[in-house]
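An overview of the molecular structure
These are the residues of each chain, in order.
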Amino acid sequence: MKSQTTFVLLSLCLLPIIFVLADSRSFSIDYKNNCFQKDGKPFQYISGSIHYSRIPREYWKDRLLKMYMTGLNAIQVYVPWNFHGTVQGVFNFAGDRDLEYFLNLANQTGLLVILRPGPYICAEWEMGGLPAWLLQKPNIILRSADTDYLKPASEWLAVLLTKMRPWLYQNGGNIISVQVENEYGSYFACDYNYMRHLHTLFRLFLGEDVILFTTDGNTDKEMICGTLEGLYATIDFGTDTNITAAFIRQRRFEPKGPLVNSEFYTGWLDHWGDKHASVDTVKVSKMLGEMLSMGASVNMYMFEGGTNFGYWNGADHDSRFRSVVTSYDYNAPLSEAGDPTDKLLAIRDVIKNFRDIPVGPMPPATPKFAYGFVTLQKVCKTLFISGLSLCYVNCVQYYGFMLYRTTLPRNVPEPTPLISPLNGIHDRAYVSVNGVYQGLMERDTALVMNVTGQQGDQLDILVENMGRVNFGSYINDKKGLLGNLILGNDVLTDWSIYPLDIDTAVANGWLQAAHSGSAMEAGDGPMIYSGTLKSTGLAWDTFVKLNGWTKGQVWVNEVNLGRYWPQRGPQQTLYVPGPFLSATQPNNITVLELERAPSHRRILFMDRPHLETVLHQKNHINDDFNCICTI
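Everything numeric in this text was worked out from a predicted model, so none of it was measured.

This part covers the pattern of salt bridges. A side chain with one charge may pair with a side chain of the opposite charge, provided their charged atoms come close. Summed over all chains, the structure comprises 30 salt bridges. One salt bridge connects Asp62 with Lys66, and the closest N-O pair in it is separated by 2.9 Å. Of this pair, Asp62 and Lys66 both sit in helix H2 (residues 60-70), 4 residues apart, which is roughly one turn of that helix. When its relative accessible area of 0% is taken as the criterion, Lys66 is described as buried. Salt-bridge contacts for Arg203 lead to Glu208; the nearest nitrogen and oxygen are separated by 4.0 Å. Residue classification places Arg203 among the buried positions, given a relative accessible area of 17%. For Glu208, a relative accessible area of 62% puts it in the exposed group. Salt bridges sharing partners connect three or more residues here, namely Asp62, Arg63, Lys66 and Glu304.

Printed below as a string of structure tokens:
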């Protein structure tokens, strides 16, 4: 009892000291000297973007430590609303979604945090972080003062910002500033009432002391619509921009205060069908040095990109719909697998000129292993997955696949056009008649195909959601069959609709249990394959290559690695983090091939990635297959 009393007295004695220490912490804008102030002293941040939602929880500490050892004193973090709120009114902050654990790791590592909670984030993430269930309101105007949007957005921010308040720097945490919305000047709405509402909410839940800011692109229009009095206006630009001209534009909106590039682009994203993007290391390091010499605070986007696991990739829509690839490597200083690159070393050499670099070696790359080949066997056609159920009202499958089924209204013995006259396929449709694959239709690019069959034959259309638009005016991107299909002169009607929850089927082991071996009939079209990667005593990072496969999705154990599409490229391998594997138990591999599998039905686990389609690399990949075959 005496020891407990002593402990309580000591605790009470220490309380005033703790409060004094907390009160002494401050982070503010010094308008007189055009800089930030941290605890009353001038401060310049050198930051990098990292997305916890794109990295396995087991690797968060590794990535943060590498950023710290590069010389960064801060990180920038997006919070995707849809990642935490896949169901309306239900919020998940557990496991890989444990944001506070991530903030704590950053704090322990010595990194400050620039928080970007949205509610819209862009980030090449599905629907820019907005949950797809918002689109259940047919006339909703996203990112506006429309009540249908503002009410759920406010409910989300009330939950999130309440959690974030203890993590503010002045409250003893490591969050030094918070962005309100994101690049709002790029959106058509230009709704100042919406921005004012968000400003009020952020102040209500975070208090008056925290720096609230906006980020917008380097044009007058974007800065005009994206900025608001009371929110500090920052700018973003990459190596193709004149630094002086960009900061002059920021000065027109913020005559005093620190110069800030909130997104200095170290690389760029990839779309399916594009060349793999890269940004020159010399240009990155040169411009970084110039901005830091001017006293500007800089955040590098991305410092590590990570991976769009599952269905989380976004898409763009300019002249047509373009889906973002699974890898978010971004040609960043830390690779998709978190490995230091030459770009990172060049950036560290620049930072050394402006602040002391932590003493000690850079943590090494995570170990990689080439596990070799796995041969797969057919399990079933996607149309016959266990648990397939018809939905009648409010039929919703927010991510992945939906099956639409009807019958042919008449005999079509000759090839007859099946047409999507209003471009209503969002985004790819795989067409079968009586279970025989006929071909595919694709949004914006392939709106007509020919089919044959007899009256009453079953017409199945498997529609794939390739990721919702994450930027611009088309983010209200509804999926599925959105308009009539016409067969010749007949409008097809009487559709039955089935949501295909393949992820649940994989997680429950239904597909492994349904294994039918090599007796499954051959043929093109959507088909599920499975196999086993035997335990080796190792659970190291690896990269799966699907040489000869066309397009689809891969699961390792219960984890959806994302989409593969080697025929369109540029990405040729999928990253498999070691924590997804078991070192002691067989690892279940499931592949959904949507178009055509190769006759060999093999996939290859390699110790290095291939993210671009070039001739010499294709030959090298084929050499890998041939070499291992002869061992």
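The next point concerns the UniProt feature "domain: Beta-galactosidase 1-like first all-beta" (unreviewed entry) in the chain. This chain's UniProt record puts "domain: Beta-galactosidase 1-like first all-beta" (unreviewed entry) on residues 395-501. In this annotation, residues 395-501 is assigned 0% helix and 50% strand; the end-to-end C-alpha distance for the span is 13 Å.

This paragraph deals with helix H8 (residues 243-253). Note that an α-helix has 3.6 residues per turn; residues three or four places apart therefore point the same way. Considered for burial, the residues of H8 that qualify are Ile243, Ala246, Phe247, Arg249 and Gln250. Viewed along the axis of H8, the buried residues span an arc of 150°, placing them on a single side of the element. Lining the buried residues of H8 we find helix H7 (220-226), strand E9 (232-237), strand E10 (260-265) and helix H9 (281-293). N-capping of H8 is provided by Asn242, with a side-chain oxygen placed 3.1 Å from the backbone N of Thr244.

In this section: the layout of surface pockets. In this structure, the largest pocket spans a volume of roughly 700 Å³. Around the largest pocket, the lining comprises 24 residues; the ones closest to its centre are Arg97, Gly310, Trp312, Asp503 and Asn560. For the lining of the largest pocket, the secondary structure elements donating two or more residues are helix H11 (502-507) and strand E30 (559-564). Element by element, the count of residues in the lining of the largest pocket is highest for H11, at 3 residues. Taken together, the residues of the lining of the largest pocket break down into 12 nonpolar, 7 polar and 5 charged. Looking at which domains feed residues into the lining of the largest pocket, each of domain 1 (27-353) and domain 2 (372-378 + 503-606) supplies at least three.

Here the UniProt feature "domain: Glycoside hydrolase 35 catalytic" (unreviewed entry) sits at residues 36-353. For residues 36-353, the helix share is 31%, the strand share is 18%, and the end-to-end C-alpha distance is 19 Å.

Next up on the list: empty space enclosed by the protein. Within the structure shown, the criterion is met by 7 cavities of 30 Å³ or more. Phe321, Ser323, Glu442, Trp565 and Arg568 are the residues nearest the centre of the largest cavity, which is lined by 13 residues in total. When residues in the lining of the largest cavity are grouped by element, the largest group, 3 residues, is from strand E13 (residues 321-323). Split by residue class, the lining of the largest cavity holds 4 nonpolar, 2 polar and 7 charged. Both of domain 1 (27-353) and domain 3 (397-500) provide at least three residues apiece to the lining of the largest cavity.

Procedures and definitions
Residues numbered from 1 in each chain as written. Predicted model: local features only at pLDDT ≥ 70, side-chain atom pairs only at ≥ 80, totals over all residues. Heavy atoms only, no water. Salt bridge = Lys/Arg side-chain N within 4 Å of Asp/Glu carboxyl O. Helix = DSSP H or I, 4+ residues; strand = E, 2+ residues; numbered from the N terminus. Buried < 20%, exposed > 50% of the residue type's maximum accessible area, 1.4 Å probe, protein only. UniProt positions renumbered as here; feature names shortened; annotations may be inferred. Arc of directions from axis to C-beta. Contact = heavy atoms within 4.5 Å. Polar contact = N/O pair within 3.5 Å; in protein donor to acceptor, adjacent residues only side chain to side chain. 1 Å grid on protein atoms, 1.4 Å probe; cavity = no way out; pocket = protein on both sides within 12 Å on 5 of 7 lines; lining within 4 Å. Points joined across faces, edges and corners; volume = space filled by probe spheres on them. Nonpolar A, V, L, I, M, F, W, Y, C, P; charged D, E, K, R; others polar. Domains from an automatic or database assignment.

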